[in-house]
Amino acid sequence: MPPALRRINVVRTKLRCIKKLLRVEEALFRHSTCNWVILNDGVVKESIVLGISGKPHELVFEKEAVQLRVPLVKRFTGGGTVVVDKNTQFVSFIFNEGTVHGLELFPRKIMEWSGGFYGKAMEGLFPSSTGRNFSLRENDYVFGEKKFGGNAQSISKNRFIHHTSFLYDYDKTLMNLLKSPQKQPEYREKRAHDDFVSTLKSKYLEEDTRAETDDKRRGLLLEAVYVTLRDHRDFDVRSVPFDAAEDVLLDYNENVKPSTVKLWCDKERIWNVCND
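Let me begin by describing the structure that accompanies this report.

Conventions adopted
- Residues numbered from 1 in each chain as written.
- Predicted model: local features only at pLDDT ≥ 70, side-chain atom pairs only at ≥ 80, totals over all residues.
- Heavy atoms only, no water.
- Helix = DSSP H or I, 4+ residues; strand = E, 2+ residues; numbered from the N terminus.
- Expected span 1.5 Å × (residues − 1).
- Buried < 20%, exposed > 50% of the residue type's maximum accessible area, 1.4 Å probe, protein only.
- Arc of directions from axis to C-beta.
- Contact = heavy atoms within 4.5 Å.
- Pairing = 2+ DSSP bridges.
- Right-handed = clockwise from strand over helix to strand, strands pointing away.

## Points about helix H10 (residues 242–255)
Part 1 of the argument: Taking 1.5 Å of rise per residue, 14 residues should cover 20 Å, and H10 covers 20 Å from first to last C-alpha, within 8% of that figure.
Part 2 of the argument: Every buried residue of H10 is listed here: Phe242, Ala245, Val248, Leu249 and Tyr252. Down the axis, H10 shows its buried residues gathered within 125° of arc, on one side only. Facing away from the buried surface of H10 by more than 90 degrees, the exposed residues are Glu254 and Asn255.
Part 3 of the argument: On its buried face, H10 sits against strand E1 (6–13), helix H1 (18–31) and strand E2 (36–41).

Here is the structure:
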């Protein structure tokens with residue numbers, strides 16, 4: 001007899017600020033027993049997001065970021081440093097152990113599962129060679145040798161979060177605020193950002209996606225992810241409003257603990273807890 005389907009709450013949203021998205025995700029990971037997938041199409045406020053152990057002076061041209069009024073935010077998971085803006089698309093899996101049949105809660109196992117999941121999504125999104133050129137390289141999602149998606153994750157005793165930022169497009173001025181990290185994946189071969197990254201938009205324009213406007217193209221990735229979730233043999237997918245996720249955040253911050261998502265104060269050289 002096949003195992004019972006696992007219910008997945010899917011939230012589609014478009015938040016103004018990455019701080020709110022990260023705070024919601026942290027609450028869902030630490031304070032909910034449900035399975036969640038968050039699909040967020042861009043953020044209005046440009047920001048730079050560092051991993052939990054990231055050091056601003058090593059990873060960001062801080063003076064230039066201050067001049068452009070681009071805030072630095074520290075998330076509650078590991079991973080590298082990313083610029084996020086209206087052209088960054090986010091997908092977050094927040095699952096209990098056993099939600100994906102046979103998946104062991106180890107970092108590489110989760111990465112490999114995610115690579116297979118996104119591989120199916122890309123095959124549906126790009127039925128020609130672009131989809132076949134997708135792969136998981138070390139901890140990145142790439143087309144050929146160029147990265148278009150980076151991720152971070154955290155694992156507790158019986159639960160994990162795996163969240164990804166995908167480049168629909170990017171602003172070169174903002175991307176140039178990032179220093180080349182000392183620790184790089186081998187396949188990067190010390191390439192500059194422009195030579196290392198690709199975008200979904202460029203791939204859509206190369207392919208016959210039948211999406212004639214930018215608005216329609218923007219919706220393609222998140223819809224492909226939703227369809228792949230819906231077709232997964234283990235999942236019972238339910239769409240829920242963002243309010244359901246936000247209620248978990250409010251209860252977590254009021255009754256359990258404040259968020260560990262933090263905002264960098266360049267004058268005092270400290271991280272402050274985000275409350276907005």
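## Brief notes about the pairing of strand E13 (residues 270–273)
Part 1 of the argument: In this structure, strand E12 (residues 262–265) lies alongside E13, joined through four bridges in antiparallel fashion. Counterpart to Cys265 in the pairing with E13 is Ile270.
Part 2 of the argument: Linking E12 to E13, which pair antiparallel, is a turn of four residues; within it Arg269 sits at a positive phi near 60°.

## Details of the pairing of E1
Part 1 of the argument: Sheet topology places E1 next to strand E11 (residues 235–239); five bridges connect them, and they run parallel. When the sheet's bridge partners are listed, Ile8 is paired in E11 with Val237.
Part 2 of the argument: Relative to E2, E1 runs parallel, the two sharing five bridges. For Asn9, the partnering residue across the bridge sits in E2 and is Trp36.
Part 3 of the argument: Note on the crossover from E1 through H1 to E2: the handedness is right-handed.

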